[in-house]
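Each chain, written out:
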Amino acid sequence: MDPHERVIQHFHESIRTKQMAMDQLASVIVDGARTMARSLQQEGKVLTCGNGGSAADAQHFSSELLNRFEMERPGLPAVALTTDSSTLTSIANDYAYNDIFAKQVRALGQSGDILLAISTSGNSPNVVAAIEAAHERDMRVVALTGKDGGQMGPLIAEGDVEVRVPATVTARIQEVHLLVIHCLCDLIDQYLFNPE
């Protein structure tokens, strides 16, 4: 295939996936943002985790909250559990790689906090373990998944929110996850600083 045609095909596939996601996920994204805003209003914080591209998304979200998204406002408490290499490697070395997020959630998470758990397949064992740890700590979970929700889907409890992208291609799921993150950041700002 001509390289230009391949690029155009990627754009078309991305647009189609986002249109499907828009139709299916708008109200779920609103629920997720409302859940997060409520926690932040009550002095809670958001812990974020994921692997690879999802780790980058977790860090992106926490940086938007800590610094600012599009409006000038005070920083909001968010911690990416993906960034401390000493902590990650010590947990992986002393216990198991599957525990790298769960141990941090148990140490840092408190009742009323939120875990933003990101996995395109929904099957990342360390993210699944983080969700279980969050529930142990009486935290709510906002999960960003794709495909069929994987192992994370059945873990979604009452009060949790799963934003499951209607796609099977990892790149398309990640593209929608980024848009979802921006929607969450925007709505959190609106709920907290521009209520109507």
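Because the structure is predicted, anything quoted here is derived from the model rather than measured.

Two numbers describe how helix α1 (residues 3–41) lies on helix α6 (residues 170–193): the axes approach to 7 Å, and their chain directions differ by 35°. The hand of the α1/α6 crossing is right-handed. Taken together, the residues of the contact of α1 with α6 break down into 16 nonpolar, five polar and five charged.

Look at α1: only 49 Å from first C-alpha to last across 39 residues, short of the 57 Å you get at 1.5 Å a residue. Bending of α1 peaks at approximately 60° at the position of Leu25. Where α1 is concerned, the buried positions are Ser14, Thr17, Ala21, Leu25, Ile29, Gly32, Ala33, Thr35, Met36, Ala37, Ser39 and Leu40. Summarising the contacts, the buried residues of α1 are in contact with β1 (46–49), α2 (53–66), β3 (114–118), β4 (140–145), β5 (161–164) and α6.

With that settled, consider the packing of aromatic side chains. Geometry of an aromatic ring pair is reported as the spacing of the ring centres plus the angle between the planes. One pass over the structure, following the stated rule, counts zero aromatic pairs. The residue whose ring lies beneath Lys103 is Tyr95, and the NZ or CZ to ring-centre distance is 4.1 Å.

The subject of this paragraph is the UniProt feature "domain: SIS" (unreviewed entry) in the protein chain. According to UniProt, the feature "domain: SIS" (unreviewed entry) maps to residues 36–196 in the numbering used here. For residues 36–196, the helix share is 45%, the strand share is 14%, and the end-to-end C-alpha distance is 18 Å.

The subject of this paragraph is the sheet that holds β3. The five strands lie next to each other as β2-β1-β3-β4-β5, forming an open sheet whose pairing is parallel. In the strand order of this sheet, the two ends are held by β2 (78–80) and β5, each with one partner. Going across the sheet, the axis of each strand differs from the next one's by a mean of 15°, ignoring polarity. As defined by bridge partners, β3 adjoins β4 across five bridges and the pair is classed as parallel. Counterpart to Leu116 in the pairing with β4 is Val142. α6 contacts β3, β4 and β5 of the sheet and is inclined by roughly 140° relative to β4.

The feature "binding site: Zn(2+)" (unreviewed entry), as annotated in UniProt, sits at His60, Glu64, Gln174 and His182 in this numbering. Tracing the sequence through the fold places His60 in helix α2. Exposure remark for His60: the relative accessible area of 25% places this residue in the partly exposed category. Excluding its chain neighbours within four sequence positions, the residues that come into contact with His60 are Leu178, Ile181 and His182. Within the structure, the side chain of His60 is placed 2.9 Å from the side chain of Glu64, a separation counted as a polar contact. By relative accessible area, which is 27% here, Gln174 ends up partly exposed. Other than its neighbours up to four places away in sequence, Gln174 contacts Gly53, Ser54, Asp57 and Thr120.

Thresholds applied
- Residues numbered from 1 in each chain as written.
- Predicted model: local features only at pLDDT ≥ 70, side-chain atom pairs only at ≥ 80, totals over all residues.
- Heavy atoms only, no water.
- Axes fitted to C-alpha atoms, helices over the stretch in contact; angles between N-to-C directions.
- Helix = DSSP H or I, 4+ residues; strand = E, 2+ residues; numbered from the N terminus.
- Left-handed = near helix turned anticlockwise from the far one by under 90°.
- Nonpolar A, V, L, I, M, F, W, Y, C, P; charged D, E, K, R; others polar.
- Expected span 1.5 Å × (residues − 1).
- Bend = angle between axes of the 7 residues up to and from the residue.
- Buried < 20%, exposed > 50% of the residue type's maximum accessible area, 1.4 Å probe, protein only.
- Contact = heavy atoms within 4.5 Å.
- Phe/Tyr/Trp six-rings, centres within 6.5 Å; stacked < 30°, edge-to-face > 60°.
- Lys NZ or Arg CZ within 6 Å of the ring centre and 35° of its normal.
- UniProt positions renumbered as here; feature names shortened; annotations may be inferred.
- Pairing = 2+ DSSP bridges.
- Polar contact = N/O pair within 3.5 Å; in protein donor to acceptor, adjacent residues only side chain to side chain.

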